[in-house]
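Listed here are the chains, written in short residue letters.
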Amino acid sequence: MTHDSLCTPIDHRVSRRELLGGMSCLAATAFGAGALTGLADEAPKIKDKQVLFVWIDGGMSQLESWDPKPNTPFGGPFRPIATSVPGVQVSELMPHTAKQMQHLVVLRNMATKDNSHSAGVPRIQRGDPKNRGVTYPFFGSAVAKLLGPGSSKLPPYVWIKPGNGGFIHADGGFLGPQYGALAFGDGKPPENILRNPTVTEDDDAIRNQLRETANKRYAAGRRPEVNEANSYVYEMARKLMQRQDLFDTASFDPKDVERYGTHEFGRHMLQARKMLEAGVRFVKVNSYGWDTHGDNFIGHRNLMPKFDQGFAAMIEDLAARGMLDNVLVIAMSEFGRTPRINGHIGRDHWPEAWSLVMSGCGMKKGVVVGKTNAKGTDVDGEGYDIGHLFHTWFQALGIKSDKIEYDNHGQPLPIAHDEMFSVKEALA
Amino acid sequence: MNDDLTTLKEQFTPKPKPFKVLENKREFGAARFSPCGKFLFAAGYDGQVHRWDSSGDEFNEVAPALGGHNGWVQDVAFDAAAPAVYSVDTWGRLSRWDYAALGEQPLPKWSVEAAHDGWITSVAVSPDGQLVATGGLDRAVRVWSAIDGTKRHEFLAQPDDILQVAFHPDGKSLVSGDLKGIVKLWDLASGQSTRQFDAGVLYKLDRLQDVGGARCLTFNADGSLLFVAGTKPVNGGNVQGIPTVLAFDWAGGTVKHTLELGQAGDVYVCDLRFHTAGFVMAAISGNPGTGKLVFRRLDDKEAFFTHTAIANCHSLSLHPNGNRLAVAGTNGGSNGNGKVLDKDGEYKGNWSPITILDLSKPTSS
C-alpha cells in the first residue's frame, strides 16, 4: 500500500535505491505517468526552482525596516533613505539592501491573525489554511514534497540555524516525518557524518548491507512512514558525506566572509548561498533574538545592519550569478511590531499591518505592493494574509496552487488556503 | 562609616513625596529643570522641546514648543550660568536656544543641521559654558563652540556607538561611553584620549545583538568619582538585566563601588545624578510598568528610598532649589500585543507623565 500524499503530481519520495544507485531518469521518478495532468510541460522548469527562506524569528519591526514613517507619532527615531528604485524609501538601517531594491518586492500590507509567537510561528510557516483536523506542513516541507530534491539529490529542505541541529520531523506535518527539515546547528554538519578512516570502503559496504537487513526487520509491522523517514535521513546524510565542502567554512572566500559579515547571520547566509549553488531545493536561514519588547531602537540599530549586510550580499550574489531567475527569496517574521512605543522603549507584537520582502523566481523586480496609513497603524485598503502569500510563492515556483491538492490518505487537501489567492501585483 | 558621611546622612536623607503630575499626550526621553529653576524642559519623541513654567507650583505649560528637529529630540542640556539650552535629535541636529527671550515664534540661536550622521544620543555643556559636547551612533564625539556652533574637536577613536558624553567638573576633559561599556577620557587641550574606564560588565553580546552599554555618565561634585550606569544584561530581544551603577575612582581608574539596584526585569538605570548630600539618585526603567526611583548611598547595602509608583522612569532632574525632583516616566498599561484602541476607536499611543516630587528641604550646613 502506498501513502501518496498528492493527488497530482505523483510522489517525489526519494528511495534509498534511487539515491545510492543513481537516478537514471529524474523525470520518470519525480513526475510519474498518470500524475502530470496539466503539469507535463512545466516539469523541466519546476525541477530547477529553489527557495531561500530567511526567517527573522521574534518579529522585525516594519517601521525600522521596510515601511518607515518618519516624523509621525509612532515613526521612531530613524531616518528614511532612498533606494535604487526611485520613490521607494526604507529605513536608514538598511543601506546595503537599499542598493538592491531593484531586485526586490516589498509587500507592506500584510495583515495576519496571530499576535503570539507560539501560534504565529507555526501558523505563518504552515500557511494558516482552514482547519481540517490535520497539521499542515511548513513551507519548506511542502516544497520538498511538491518539487522533491531535484537533480542535486541533496536533502530538499535544509535549515541553517543558530544553536543545535538535527532532523526536525515535525515540520512535515501530515506529509510525514521524512519531509521534515534537516537542520544544521550553527551551519555545522551532522556529527559523525564522515566514514571513520579506519573503516574501509568494502567494510562499509558490508556494514550497510547489514544495516539494510536490520532495517527491513525493524520495518516489518511498523507504519511505513517511520521506516521511510529513517531511511531517508540516513541516505540524505550519506549524500552530504560527498559534499563536505558545503561545511568547510575555512575554504570560503575571505572577501565573501567579509561582505556577508563575520557574525552568525552573515556566516549562515554565506553558507546558504553555497547550499543553493549546490542545488539544495529549499534552504531556510533563521535568526533569533528579534522580539524587541524592550530597547527596540538600540536593538534594531544593532540587529538590522547585520541582517542588511548578509541579506544584501546574498541578493547581489544571486543576481550576479543569474540565480534569481530560479531562486525565490523570502525574508519575513511571524509578525511586525506595534507602532506604539511601550515604557521599556520597545515595540510589541503586531500582526495587523506589517511587511515582508521577496525576490527572484517568478517575482516582479523593484516593486512595492500595498501600503499602510500615514501613522502605520493599519493597512490602507485590503491586506494580505499568509494564505495569499502561500499561493503567491507556489505560483512563483510554477506550482498551480489552485489546482493541486495533497492526498492525505484519501483526504484531498488544498496546498494553500482555498479561499485565498495569489498576490498578482507581486508576480512577474 | 566615616564622620563626613554620618554628617551628610544627618543633614539630608530625603523621602520625596508626590507633589504634582504633569499629564500630557506625548512621550519624552528626558525632562530637565533649567539652572535658573524657572523652566522645566522636556525632549519629545514628537521632535519638539516642550516647556513648563516651574517658577511656582502651577507648572503651566509654555507655548509654543521648540521645533525644527526631526525624529526624536533625545535630550537637552543647559549652560550652568547663561540661559541657554541645547537640544539634540536622532537625525543629527544640534540647536542652541536662548530661552530667556524666545518669544512667540522661537528660533534657535544657531543650529548644526548635521552635527552627526544620524542619532545624537547625548549632549553636555562644559562647566564654563564655552563648549558643547555631543556623541552619537555614528561613533563620533564632537565638541562645539557654544558661541556659534563651530566644531572645535572631533574624536573618532571609539569603534562602537557612543551613548553618553559628560564633562569632568574641572572642565579640562570629557568622557564618552559606548555600547560596549568602554568609557574614554579625552583631554581637551591635546585632543587625545589619555585613559579609559572599563565598564564592560554593562555589556553582553546576545546572539546578534550588542546589549547594554554605558547608558549614564556623571560625576560627583569634585570630580573624584565617575559614575557609569546601565544594566548587567541577561539577554537581548526583550532586554532584561540588572540595573547597575559603577563608581570609578577618577584618579586610579578602578571601580570603588558597584551598586545593583534591582532585579533582571528592572533592566536599565536610565538616568543618574549624584546628590551633594552623598547619594546616587537613579531613574530605572525595565519591563513596562516596573520602573522605580532609587536613592542609595555608596557604602550602604540597601537604598534608603525606593519609589515604585512611577512606571518606567526615564529621566530625573533636581530643581536647583533642591526641593523638587522631576521624573519622566511612562503611562501605565503601555504595552500589549496587537491593536489597542481608545474609547473613540482610535489607535492608542503612550505618553510620559512627568511626576514632580517634593523633597524635604535640605538643611544648610
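Now for a quick tour of the structure. Nothing here was measured: the structure is a model prediction, and the numbers come from that model.

1. With respect to the overall build of chain A
A tally of regular secondary structure across chain A gives 12 helices and 15 strands. Of all 428 residues assigned to chain A, the portion counted as buried reaches 61%. Taking as baseline every contact in chain A between residues at least 6 positions apart, the subset at least 24 positions apart corresponds to 75%. Approximately 16100 Å² of chain A is accessible, and the part contributed by carbon and sulfur atoms is 51%.

2. A closer look at the overall build of chain B
Tallying secondary structure elements over chain B gives one helix and 30 strands in all. A compact globule built from 365 residues would reach a C-alpha radius of gyration of about 21 Å, and chain B, at 19 Å, matches this within 12%. Counting only C-alpha atoms and orienting by the principal axes, one finds that chain B spans roughly 55 × 50 × 45 Å. Across the 365 residues in chain B, those meeting the buried criterion constitute 59%. For chain B, the proportion of contacts with a sequence separation of at least 24, taken over those separated by at least 6, is 49%. Surface accessibility of chain B: about 13900 Å² in total, with carbon and sulfur atoms responsible for 47%.

3. Quick word on helix 10 (residues 264-278) of chain A
Taking 1.5 Å as the rise per residue, helix 10 of chain A with 15 residues should run 21 Å; its terminal C-alpha atoms sit 21 Å apart, in good agreement. Positioned one or two residues after helix 10 of chain A, Gly279(A) has a phi angle of 105°, which is positive.

4. Remarks on the packing of helix 10 of chain A against helix 11 (residues 296-320) of chain A
Residues and elements named next belong to chain A. With their axes 8 Å apart at the nearest point, helix 10 and helix 11 run at an angle of 20° to one another. Classed by the angle they form, the pair helix 10 and helix 11 counts as roughly parallel. Pair helix 10 / helix 11 crosses with right-handed handedness. Where helix 10 abuts helix 11, its residues Phe265, Met269, Ala272, Arg273 and Leu276 lie against Lys306, Phe307, Gly310, Phe311, Met314, Asp317 and Leu318.

5. Let's talk about the pairing of strand 12 (residues 354-360) of chain A
All names here are of chain A. Among the seven residues that make up strand 12, seven are buried, leaving the element largely enclosed by the rest of the structure. One ladder, built from four bridges, connects strand 9 (residues 327-332) with strand 12; its direction is antiparallel. The residue of strand 12 that forms the bridge with Val329 is Ser359.

6. Looking at the state of the cysteines
Residue and element names in this part refer to chain B. Throughout the structure, instances matching the rule amount to zero disulfides over all chains. With no disulfide of its own, Cys270 lies 6.8 Å from the sulfur of Cys216, the closest cysteine sulfur. A residue is classified by how much of its surface remains accessible, and Cys270, at 24% relative accessible area, is partly exposed.

7. Things to note about the interface of chain B and chain A
Contacts between the two partners involve 45 residues from chain B, matched on the other side by 43 residues from chain A. Here chain B meets chain A over a buried area of about 3700 Å², counting both sides, of which 53% is carbon and sulfur. The largest per-residue losses of area from chain B upon contact with chain A belong to Trp91(B), Leu208(B) and Tyr347(B), which jointly make up 21% of the total buried on that side. Between chain B and chain A we count five salt bridges in total. Between Asp378(A) and Lys339(B) there is a salt bridge; the shortest N-O distance is 2.8 Å.

8. Points about the packing of aromatic side chains
All names here are of chain B. The full count for this structure, using the stated rule, is 44 aromatic pairs over all chains. Note on Trp72 and Trp119: the rings are 5.8 Å apart at their centroids and 80° apart in plane angle, and the pair reads as edge-to-face. Of this pair, Trp72 sits in the loop between strand 5 (61-66) and strand 6 (73-78) while Trp119 sits in the loop between strand 9 (110-112) and strand 10 (120-125), placing them 47 residues apart in sequence. Trp119 matches Trp72 in its accessibility class, with the two residues each being buried.

9. Looking at the pairing of strand 13 (residues 151-155) of chain B
Regular strands have side chains that alternate between both faces of the sheet. Residue and element names in this part refer to chain B. Pairing geometry for strand 12 (residues 141-145) and strand 13, over four bridges, is antiparallel. If you follow Val141 over to strand 13, its bridge partner there is Phe155. Once strand 12 ends, the chain turns through five residues before running back antiparallel as strand 13, passing Gly149 with a positive phi of about 80°.

10. So, the sheet that holds strand 5 of chain B
Residue and element names in this part refer to chain B. One open sheet accounts for four strands, arranged 2-3-4-5; its pairing is antiparallel. Of all strands in the sheet, those bounded by a partner on one side alone are strand 2 (28-33) and strand 5. Ignoring strand direction, the axes of neighbouring strands in this sheet form an average angle of 20°. With five bridges connecting them, strand 2 and strand 3 (residues 39-44) associate as antiparallel partners. Looking across to strand 3, one finds that Phe28 is bridged to Gly44.

11. Some thoughts on the sheet that holds strand 27 (residues 305-307) of chain B
Residues and elements named next belong to chain B. Strand order in the open sheet formed by four strands is 24-25-26-27, with antiparallel pairing between adjacent strands. On the outer flanks of this sheet lie strand 24 (268-275) and strand 27, each paired with one strand and no other. This sheet shows a mean twist of 15° between the axes of neighbouring strands, independent of strand direction. One ladder, built from seven bridges, connects strand 24 with strand 25 (residues 279-285); its direction is antiparallel.

12. Section: the pattern of salt bridges
Residues and elements named next belong to chain A. Tallied over the entire structure, the rule returns 45 salt bridges over all chains. With a shortest N-O distance of 3.8 Å, Arg321 and Asp317 are connected by a salt bridge. Taking the relative accessible area as the measure of exposure, Asp317 reaches 5% and is therefore buried. Each of Asp256, Arg259, Arg273, Glu277, Glu316, Asp317 and Arg321 takes part in one network of salt bridges that share partners.

13. Points about the environment of Gly332(B)
Relative to the assigned elements, Gly332(B) resides in the loop between strand 29 (324-328) and strand 30 (354-358). Overall, the relative accessible area of 56% leaves Gly332(B) in the exposed class.

14. Examining the nonpolar core
All names here are of chain A. Formed by 62 residues in total, the largest nonpolar core has its most connected members in Leu52, Trp66, Met269, Met275, Val283, Phe307 and Phe311. Here this core gets 10 residues from one element, more than from any other, and that element is helix 11. Setting aside chain neighbours within four positions, we find Met275 in contact with Val158, Ile160, Phe184, Leu246, Phe247, Val280 and Val283. With 52 residues, the next largest nonpolar core counts Phe53, Tyr136, Leu175 and Tyr288 among its residues.

15. Side note on the environment of Ile310(B)
All names here are of chain B. By the secondary structure assignment, Ile310 is in the loop between strand 27 and strand 28 (315-318). Distance in space between the C-alpha atoms of Ile310 and Asp249 is 32 Å, their sequence separation being 61 residues. Leaving out residues up to four positions away in the same chain, Ile310 has contacts with Gly291, Lys292, Val327, Gly329, Thr355 and Leu357.

16. A closer look at unusual backbone geometry
Residues and elements named next belong to chain B. Of the consecutive residues Ala63 and Pro64, the connecting peptide bond is found in the cis state with omega at -10°. Residue position: Pro64 is located in strand 5. For Phe59, which is not a glycine, the phi torsion comes out positive at approximately 55°. Checked against the element boundaries, Phe59 lands in the loop between strand 4 (49-53) and strand 5.

17. Notes on helix 12 (residues 386-396) of chain A
Residues and elements named next belong to chain A. Counting buried positions along helix 12 gives 10 out of 11 residues, so the element sits mostly inside the fold. Along helix 12, the residues that are buried comprise Ile386, Gly387, His388, Leu389, Phe390, His391, Thr392, Trp393, Phe394 and Ala396. Immediately beyond the C-terminal end of helix 12, within one or two residues, lies Gly398, with a positive phi of roughly 85°.

18. A short note on the side chain of Arg340(A)
Of note, Arg340(A) is situated in the loop between strand 10 (336-337) and strand 11 (349-350). At 5.3 Å, Asp348(A) is the nearest oppositely charged side chain to Arg340(A), a buried residue that forms no salt bridge. A distance of 2.8 Å separates the side chain of Arg340(A) from the backbone oxygen of Asn335(B), its partner in a polar contact. There is a polar contact of 3.3 Å between the side chain of Arg340(A) and the side chain of Asn350(B). Residue contacts for Arg340(A): discarding those within four places in its chain leaves Phe74(A), Gly346(A), Arg347(A), Gly333(B), Ser334(B), Asn335(B), Gly336(B), Val340(B), Tyr347(B), Lys348(B), Gly349(B) and Asn350(B).

Basis of the calculations
- Residues numbered from 1 in each chain as written.
- Chains lettered and ligands numbered in written order.
- Predicted model: local features only at pLDDT ≥ 70, side-chain atom pairs only at ≥ 80, totals over all residues.
- Heavy atoms only, no water.
- Helix = DSSP H or I, 4+ residues; strand = E, 2+ residues; numbered from the N terminus.
- Buried < 20%, exposed > 50% of the residue type's maximum accessible area, 1.4 Å probe, protein only.
- Contact = heavy atoms within 4.5 Å.
- Areas by Shrake-Rupley, 256 points an atom, 1.4 Å probe, with all protein chains shown as cover.
- Rg over C-alpha atoms; globule rule 2.2 N^0.38 Å.
- Expected span 1.5 Å × (residues − 1).
- Axes fitted to C-alpha atoms, helices over the stretch in contact; angles between N-to-C directions.
- Parallel < 35°, antiparallel > 145°, perpendicular 65-115°, else oblique.
- Left-handed = near helix turned anticlockwise from the far one by under 90°.
- Pairing = 2+ DSSP bridges.
- Disulfide = S-S within 2.5 Å.
- Buried area = accessible area lost by both parts, 1.4 Å probe.
- Salt bridge = Lys/Arg side-chain N within 4 Å of Asp/Glu carboxyl O.
- Phe/Tyr/Trp six-rings, centres within 6.5 Å; stacked < 30°, edge-to-face > 60°.
- Core = buried A, V, L, I, M, F, W, Y, C linked by side-chain atoms within 4.5 Å.
- Lys, Arg positive; Asp, Glu negative; His and termini not counted.
- Polar contact = N/O pair within 3.5 Å; in protein donor to acceptor, adjacent residues only side chain to side chain.

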